[in-house]
Amino acid sequence: MVSITVQQQQYKTYILSDETSNTQLEVVPERGGIITSWRIQGQEIFYLDKERFTHPDLSVRGGNPILFPICGNLPDNSYTHNGQQYTLKQHGFARDLPWEAEEVSEENTTYLKVHLASNEQTKAVYPFDFHLSFSYKIHGNTLEVQQHLHNSSATSIPFSTGFHPYFLAPDKTQLEIDIAGQEYQDNRTKEIRPFDGNFDFNLDEIDAAFKHLTAKSATVTDNSRKLKLTLDYGDDYPVVVFWTVKGKEFYCLEPWSAPRNSLNTGENLTVIEPGASYTASVRLTANFF
């Protein structure tokens, strides 16, 4: 059975606990609706740059940031809609805004739901009315994130969405990576490169977008931590990005609904009609061995 407690730290923090599986999840709604910590049997799954997190003017490096209404960046941070140009920074605004929290109890389960509604600040950069929510659920060693977007505009809404989870990895040379794609686009050089399951972690940065996926899951096995991490995603997420930076103890395995710049190119862009809703979900499972 999952319980929820609230602690006032620098930000109000909601802690979901499952005593049966010894699992805890920490969520900070006012800091972008983000999950900051996911612990199983006392072991932390997520990475978090705690010093950076204390500075509200800096983007969060760690946890599970929400990407909306774009994934990645736009050329010159701009896009055009109905002949008007708008400025939208990398990964959109959802990860930077305060969200509202709702504790939900249903039959045999309790979970946290975070909400974000359009306002004058969002409409200045994204001229649509919407209501966006994410439900965070823990089941044993599995974290499920369910998304719901309602279009309350009089026009259709174009968007892409995704997640940017940071996984703690003190020794990246011990990682075994299984992503169901034989090639990826290097987002730094735009080159298409073959993939044989290995990356060169001596590079300053790895930013690899897999677009031609042949399965709906990806795994990373960390032999140094004896931890196998599995990401399960549906058809709503045709892109998976692997990203890391040299010298930092993390890697990111990111499900995206569309590649970079889809708001301009239309590639895999999702569009929902007035009054309609969109739902999607992803699952993360952490198994120690």
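Presented here is an overview of the structure given in this document. Just so it is clear, the structure is predicted and the values come from calculations on it, not from any experiment. Residue indices follow the written sequence of each chain, beginning from 1 at its first position. Totals for whole chains, interfaces and linings use all residues, but because this is a predicted model, local features are given only for residues with pLDDT of at least 70 and pairs of side-chain atoms are given and counted only at 80 or more. Calculation of side-chain values draws on the structure's entire complement of heavy atoms; hydrogens and water are dropped beforehand.

1. Describing the state of the cysteines
By definition, a disulfide links two cysteine residues through a covalent bond between their sulfur atoms.
Moving on, step 1. The criterion for a disulfide is a pair of cysteine sulfur atoms lying within 2.5 Å. As enumerated under the stated definition, the model contains 0 disulfides in all.
Moving on, step 2. With no disulfide of its own, cysteine 71 lies 13 Å from the sulfur of cysteine 252, the closest cysteine sulfur.
Moving on, step 3. Residue exposure (1.4 Å probe, protein chains only): buried if accessible area is under 20% of the type maximum, exposed if over 50%, otherwise partly exposed. Since its relative accessible area comes to 1%, cysteine 71 is described here as buried.
Moving on, step 4. On the basis of relative accessibility, which here comes to 0%, the residue cysteine 252 falls in the buried class.

2. Regarding the sheet that holds strand S9 (residues 100–106)
Moving on, step 1. At least two bridges found by DSSP between two strands is the condition for calling them paired. Segments assigned H or I by DSSP are reported as helices when at least four residues long, segments assigned E as strands when at least two residues long, and all are numbered from the N terminus. The 8 strands lie next to each other as S9-S10-S11-S12-S25-S21-S20-S16, forming an open sheet whose pairing is antiparallel. Strands with a single pairing partner mark the edges of an open sheet, and in this sheet they are S9 and strand S16 (175–179). Each strand axis lies, on average, 15° off the axis of its neighbour in the sheet, ignoring direction.
Moving on, step 2. As paired elements, S16 and strand S20 (residues 217–222) share 5 bridges and run antiparallel to each other. When the bridges of S20 are listed, isoleucine 179 appears paired with alanine 218. The axes are straight lines fitted to the C-alpha atoms, using for helices just the contacting stretch, and the angles between their N-to-C directions are given from 0 to 180°.

3. Things to note about empty space enclosed by the protein
Moving on, step 1. Think of a 1 Å grid over the protein atoms and nothing else: a 1.4 Å probe that fits but is trapped marks a cavity, an open set flanked by protein within 12 Å on at least five of seven lines marks a pocket, and residues with an atom within 4 Å of a point count as lining. Grid points are joined across faces, edges and corners, and a volume is the space filled by probe spheres set on the points. Under the counting rule described, the total for this entry stands at 3 cavities of 30 Å³ or more.
Moving on, step 2. Of the pockets and cavities examined, the largest cavity occupies roughly 40 Å³.
Moving on, step 3. Arg31, Gly32, Ile34, Ser59, Val60, Pro65, Arg95 and Asp96 together form the lining of the largest cavity.
Moving on, step 4. Any residue that is not Ala, Val, Leu, Ile, Met, Phe, Trp, Tyr, Cys, Pro, Asp, Glu, Lys or Arg is counted as polar, Gly included; the first ten are nonpolar and the last four charged. Looking at side-chain class alone, the lining of the largest cavity contains 3 nonpolar, 2 polar and 3 charged residues.

4. Some points on the pattern of salt bridges
Moving on, step 1. By definition here, a salt bridge exists when the distance from a side-chain nitrogen of Lys or Arg to a carboxyl oxygen of Asp or Glu is within 4 Å. Taken as a whole and judged by the stated rule, the model has 11 salt bridges.
Moving on, step 2. For lysine 123, the salt bridge is made with glutamate 120, and the minimal N-O distance between the two is 3.9 Å. Of this pair, lysine 123 and glutamate 120 both sit in helix H2 (residues 120–123), 3 residues apart, which is roughly one turn of that helix.
Moving on, step 3. With its nearest N and O atoms 2.9 Å apart, the salt bridge here joins arginine 188 to aspartate 186.
Moving on, step 4. Judged by its relative accessible area of 40%, arginine 188 falls in the partly exposed class.
Moving on, step 5. Residue classification places aspartate 186 among the buried positions, given a relative accessible area of 3%.
Moving on, step 6. Through salt bridges with shared partners, one network takes in Asp186, Arg188, Glu191 and Arg193.

5. A short note on the side chain of threonine 244
Moving on, step 1. Inspection of the secondary structure puts threonine 244 in strand S22 (residues 239–245).
Moving on, step 2. A residue is classified by how much of its surface remains accessible, and threonine 244, at 2% relative accessible area, is buried.
Moving on, step 3. A polar contact is formed between the side chain of threonine 244 and the side chain of lysine 172, at a distance of 2.8 Å.
Moving on, step 4. The definition of a polar contact used here is a pair of N or O atoms within 3.5 Å, where within protein one atom must be able to donate a hydrogen and the other to accept one, and adjacent residues in sequence count solely through side-chain atom pairs. Among the polar contacts listed, one links the side chain of threonine 244 to the backbone oxygen of phenylalanine 250, at a separation of 2.6 Å.
Moving on, step 5. If we ignore the near neighbours within four places in the chain, the residues touching threonine 244 are Lys172, Phe201, Glu205, Ile206, Phe250 and Tyr251. Only heavy atoms matter for contacts: two residues are in contact if any of them lie within 4.5 Å across the pair.

The analysis is restricted to geometry; functional conclusions fall outside its scope.
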